[in-house]
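# Overview (structure and organization)
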Amino acid sequence: MSKKEKKQKKVKIKAGRLARRDAIMGFVFISPWIVGALIFLIIPMFQSFYYSLNNIRITPLGMNFTYVGQGNYTEILLKNAEFPTKLVNYIVSTVISVPVIVVFALMIAIMLNQKIKGKGFFRLIFFLPVIIVSGPILQMLNAEDAGSITALDVEAITAAIKTFLPTALATPISELFENMITILWYSGVQILIFLSSLQKIDPAMYEAAKIDGGSGWECFWKITLPTIKPMILLNLVYTVVFISNNDTNEIIGLIKNSMFSGIPEQGYGYASAMAWMYSIVELLLVGLFAVAFMAKKDVYAKQVKKAKKQAKREEREIKRIRRRSARNAARQERIESKSKGN
C-alpha cells in the first residue's frame, strides 16, 4: 500500500470518528424529548389501550377492571348512534376545511412576502389569533357568533349546494361558510411556515425566469410551488392534528362526557375505546394527505444516487483485483525464491 493510500485511509477513519461523535451528541440533545415521549406518550398510549379492553368502575377502594375484550368497540359501533355520525361529519368537514385553511395561509404568506410597508404589523395581525383566540376565549366568541359572517346567508348557500350535492356533503360545506372566520383563525402558524419557506427561495431564480419571458403565474407554478411543496405537506399534517385536537371539536367533548358519565356501561374504558377509534381515523386522514402531497424524488437525484452506487461497486472491484494481484505477486516471489534456493 502506498503512502497516499495510507493517508486517505487515516482521513476516512477520522471522518468516521467525527460522524460517530456528532451522532452521540445529537442523541444527547434529543434525549430529554425521548424520555418525555416515553413517559408522557408511549406509556399512556399502552395504558389507554389496556383501558379500552376493560370496563372500569371507580370505587372508594380504587379502580375495578372487568375484561370485556372488544366489547367497548362493538358497543360504540352498534349501539352508539351519536359517535359514528359525528365521526363521519368530522372526516368530511376536515377533508373540506383543511385545504381551505392551507390555501388561505399560502395566499396571505405570498402577499406578506412582497415588498410592502408595515409587513411586521400585518404578520402580527394574522398571528395574533393563535395566541389570543384559544380555549375558553374561542368558546365565548363562538357563543356570541363572532366566528361567523353575519351578512352571509348560510341557508341560501345550503339550499343552493343541496341542489347539486347530497345532504351529507352539503351540510359540512355550509358549516364551512358559517364558521369561516373561526376556520381562518387557525391559519397563523401555517402563514409563518410558508413565509419562512418563501424567504429561502433565491430571487435570482425569479429574475432568470422573467428574463426568459416567464409570467408571474408561470413562476408560481414552476418555481414557488415545487420549492414549498414539503411545507405544504407539513402544514396539511399540522392543520389536521390541530383541528382534531381542538377544544371545540365535538368528538373530544363526546369522549370527555363518556369518560365522566355515571352510566355503568361507560367510563374510562368506553372513552378510551372512543379515543383509539378517533385516533385511527385521524392517522388515516394524515396518511391520506401525506400520500396525496408527498414530494416525489427528483429524477436527477435518482441518477446521482445510482452513479454513486456504481462508483462504489467499481471501487470494490478494483480493490479486489489489487488484492488478487498482490497475492499472485507474492506467490510468484515465493516460487522464484524456492527455485533459486534449489
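Shown above is the structure to which this text applies.
Structure report, in brief. (Residues numbered from 1 in each chain as written. Predicted model: local features only at pLDDT ≥ 70, side-chain atom pairs only at ≥ 80, totals over all residues. Heavy atoms only, no water.)

### Here we look at the pattern of salt bridges
Two side chains carrying opposite charge are able to pair once their charged atoms lie near each other. Counting across every chain of the model gives three salt bridges. For Glu-82, the salt bridge is made with Lys-86, and the minimal N-O distance between the two is 2.9 Å. Taken as a pair, Glu-82 and Lys-86 lie in helix α3 (residues 82-112) at a separation of four residues, close to a single helical turn. We classify Glu-82 as partly exposed; its relative accessible area is 40%. Owing to a relative accessible area of 21%, Lys-86 belongs among the partly exposed residues under this scheme. In this structure, the salt-bridge partner of Glu-317 is Arg-320, at a minimum N-O distance of 2.4 Å. In this pair, Glu-317 and Arg-320 both sit in helix α15 (residues 299-341), three residues apart, roughly one turn of the helix. (Salt bridge = Lys/Arg side-chain N within 4 Å of Asp/Glu carboxyl O. Helix = DSSP H or I, 4+ residues; strand = E, 2+ residues; numbered from the N terminus. Buried < 20%, exposed > 50% of the residue type's maximum accessible area, 1.4 Å probe, protein only.)

### Focus on the nonpolar core
Of all hydrophobic cores here, the largest spans 43 residues; its most connected members are Phe-83, Phe-194 and Tyr-278. Listed by contribution, the elements that provide at least two residues to this core are α2 (71-79), α3, α9 (188-198), α11 (216-227), α12 (229-244), α13 (250-259) and α14 (268-293). Counting residues per element, this core draws most heavily on α3, which supplies eleven residues. Every residue in contact with Phe-194, bar those within four places of it in the chain, is listed here: Val-102, Ala-105, Leu-106, Ala-109, Ile-228, Met-231, Ile-232 and Asn-235. (Core = buried A, V, L, I, M, F, W, Y, C linked by side-chain atoms within 4.5 Å. Contact = heavy atoms within 4.5 Å.)

By themselves, these figures tell us nothing about what the structure is for.
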